[in-house]
Amino acid sequence: MTESSQTALGGNRIESGLDVHALRARFPILAKRIRDNSFVYVDNAATTQKPQSVIDVLNEYYTDQNANIHRGIHYLSEQATEAYEEARCRVARFINAPSERQVIFVRGTTEGINLVAQTFGRQRIRSGDEILISTLEHHSNIVPWQLVAEAQGAVIKVIPIDDRGVLDLEAYRALLNERTRIVALSHVSNAIGTVVPIVEMCREAHQKGIPVVVDGAQSAPHMKVDMQALDCDFFVFSGHKIFGPTGIGVLYGKDEWLRDMPPYEGGGGMIQSVTFEKTRFLEFPGRFEAGTPHIAGSIGLAAALDFVEEIGIDKIAAYEEEILHYATEQFSSIDGLRILGTAPQKAAVLSFVLDEAHPHDISTFLDQDGIAIRAGHHCAQPLMKRLGVSGTARASFSIYNTREEVDKVADSLRKIVRFFKR
Ligand code: 7TS
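Residues numbered from 1 in each chain as written. Predicted model: local features only at pLDDT ≥ 70, side-chain atom pairs only at ≥ 80, totals over all residues. Heavy atoms only, no water.

K.L.:
Report on the site of the ligand, specifying residues and quantitative values.
P.N.:
Residues in contact with the ligand amount to 15 residues; listed here are only the nearest, Thr110, Asp215, Gln218, Arg374 and Arg394. In this structure, a nitrogen atom belonging to the ligand sits 2.5 Å away from a side-chain N or O atom of Arg374. Within the contact set of the ligand, an oxygen atom lies 2.7 Å away from a side-chain nitrogen or oxygen of Arg394. In the complex, the protein chains occlude 87% of the 490 Å² of accessible area that the ligand would expose alone. Taken together, the residues of the shell around the ligand sort by class into three nonpolar, eight polar and four charged. Taken domain by domain, the shell around the ligand gets at least three of its residues from each of domain 1 (3-50 + 313-420) and domain 2 (55-309). (Near = heavy atom within 4 Å. Polar contact = N/O pair within 3.5 Å; in protein donor to acceptor, adjacent residues only side chain to side chain. Areas by Shrake-Rupley, 256 points an atom, 1.4 Å probe, with all protein chains shown as cover. Nonpolar A, V, L, I, M, F, W, Y, C, P; charged D, E, K, R; others polar. Domains from an automatic or database assignment.)

Next comes the structure, spelled out in structure tokens:
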């Protein structure tokens, strides 16, 4: 998130130095036509599209390398094992983890949070303890904690937000107490885009000896996430939201916690020795990766991170902020449109409602023009309730979205307003 959004946008070659049209050409799906319209994909918070380089490595892996890992003593198995472990190192460099051993491959953010909740959470939380989350959370950072709370007799506490969608840090401080055993926060809200001051919040929790779990599903694709700078205890993100494949994600954890955490799932690949009487487990990360993992997915994710680093995460952040600024301006001029989420620190997520039309109607209308947005509660029902709506329409932008696309969405929205006003 930079401050460059105040500057005027000059064509698509904007001041963040990106040639967006050249970049778009690397995403084959963007050339698609939908219902005889050019395809406008602004549902990037749900999942991003994939560049050719990611598609190619998946293809190459299955064409040329496929074998199971960590077991076969044969040529391809060794190659596949090496590629999988190299992908782990690639992720560690991307998030600046002190060691690649702290990178655990999971299916995605949801599985990563469940893993932490069911291992670390169950180990740590006892009857009467408190788990602190925020109003902004996605269901996948609420429900896993409710499951633990129910099993252990603990209580969920919630940090409130103001009407702009900004966390109330005074309330946060007041909620941190000797019963708080875990803080679990989303770094960026998927529904309204608020960027949460994680560094500050980690520091305050740590002053009271409380570990912090960060849901980075919406931050890793859009801003630098440096584990040593954030100093969080766990961090989770999904490959598919950062130009990588579905079914692969990352759980990072601090060494001091991972060392003593019990396994999440049992099976092959996570044991040192098994007898019917007693099983000895591997150290981490192997201990948490039972069964055959998504080998191709990890390699695809590494290629996606190469892509992000080639563009530069700071340039991505600057460009997306400009697009958000432009879209906010354009959408604000539409009669009867109200934007939800106006935090000063925001990612490129624009949630809105129209006086005339239900969010689902908005998305159905936009779809007729080849525009993909998301409508509904965005898996954040408690947040919707706080905002006083049952759902919103949401345009979420990525590096390949252009000003022309924003204009198309705005034109389509104006058509909807006219249609319902008739
Ligand atoms: N946390 C946040 C903040 C998210 O945005 C999402 C997915 C998840 C967790 C779950 O990620 P998964 O990869 O395990 O499914 N968010 C969205 C969304 O906004 N629209 O579709 C999925």
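K.L.:
For the domain arrangement of the protein chain, give the residues involved together with the corresponding values.
P.N.:
Domain parsing of the protein chain yields domain 1 (3-50 + 313-420) and domain 2 (55-309). Its C-alpha centre places domain 1 at a distance of 28 Å from the equivalent point of domain 2. Counting from both sides, the interface comprises 40 residues of domain 1 and, opposite them, 33 residues of domain 2. Roughly 2900 Å² is buried in total at the junction of domain 1 and domain 2, and carbon and sulfur atoms are behind 61% of that figure. It is Ile313, Leu383 and Arg386 in domain 1 that bury the most area against domain 2; as a group they hold 21% of the surface buried on that side. Where domain 1 touches domain 2, the interface holds one salt bridge. At the junction of domain 1 and domain 2, the tally comes to 21 residue pairs in polar contact (both at pLDDT 80 or more). Of all the secondary structure elements, the ones that give two or more residues to the side of domain 1 that touches domain 2 are helix 11 (313-332), strand 14 (349-354) and helix 13 (381-387). Of all the elements, helix 13 adds the most residues to the side of domain 1 that touches domain 2, at six residues. Each residue belonging to the side of domain 1 that touches domain 2 can be placed in one class, and the counts come to 22 nonpolar, 11 polar and seven charged. (Contact = heavy atoms within 4.5 Å. Buried area = accessible area lost by both parts, 1.4 Å probe. Salt bridge = Lys/Arg side-chain N within 4 Å of Asp/Glu carboxyl O. Helix = DSSP H or I, 4+ residues; strand = E, 2+ residues; numbered from the N terminus.)

K.L.:
Tell me about the nonpolar core, and name the residues and values.
P.N.:
Among the nonpolar cores identified, the biggest contains 110 residues, and Ile95, Phe235, Phe331, Ile362 and Leu413 are the most heavily contacted of them. Top contributing element to this core by residue count: helix 10 (residues 295-311), with 11 residues. Looking at which domains feed residues into this core, each of domain 1 (3-50 + 313-420) and domain 2 (55-309) supplies at least three. Beyond its immediate sequence surroundings of up to four residues, Ile362 is in contact with Phe352, Leu354, Ala357, Ile373, Ala393, Leu413 and Ile416. With 25 residues, the next largest nonpolar core counts Val106, Leu115, Ala117 and Phe284 among its residues. (Core = buried A, V, L, I, M, F, W, Y, C linked by side-chain atoms within 4.5 Å. Buried < 20%, exposed > 50% of the residue type's maximum accessible area, 1.4 Å probe, protein only.)

K.L.:
Outline unusual backbone geometry, listing residues and values.
P.N.:
The peptide bond linking Phe284 to Pro285 adopts the cis configuration, its omega dihedral lying at 0 degrees. For Pro285, the location among the structural elements is in the loop between strand 12 (279-281) and helix 10. One non-glycine residue, His378, adopts positive backbone phi at about 60 degrees. Mapped onto the elements of the fold, His378 is located in the loop between strand 16 (374-376) and helix 13. Taking the relative accessible area as the measure of exposure, His378 reaches 0% and is therefore buried.

K.L.:
Before we move on, can you summarise the side chain of Lys254 with the specific residues and values?
P.N.:
Position of Lys254 among the secondary structure elements: in the loop between strand 10 (249-253) and helix 9 (255-258). Judged by its relative accessible area of 14%, Lys254 falls in the buried class. If we ignore the near neighbours within four places in the chain, the residues touching Lys254 are Gln102, His206, Asp231, Cys232 and Asp233.

K.L.:
Explain helix 3 (residues 75-95) residue by residue, including any values.
P.N.:
Relative to the 30 Å expected for 21 residues at 1.5 Å per residue, helix 3 spans 31 Å between its end C-alpha atoms, a close match to the ideal helical length. Residues Ser77, Ala80, Thr81, Ala83, Tyr84, Ala87, Arg88, Arg90, Val91, Ala92, Phe94 and Ile95 constitute the buried set of helix 3. Remark: Asn96 follows helix 3 within two positions and exhibits a positive phi of approximately 50 degrees. (Expected span 1.5 Å × (residues − 1).)

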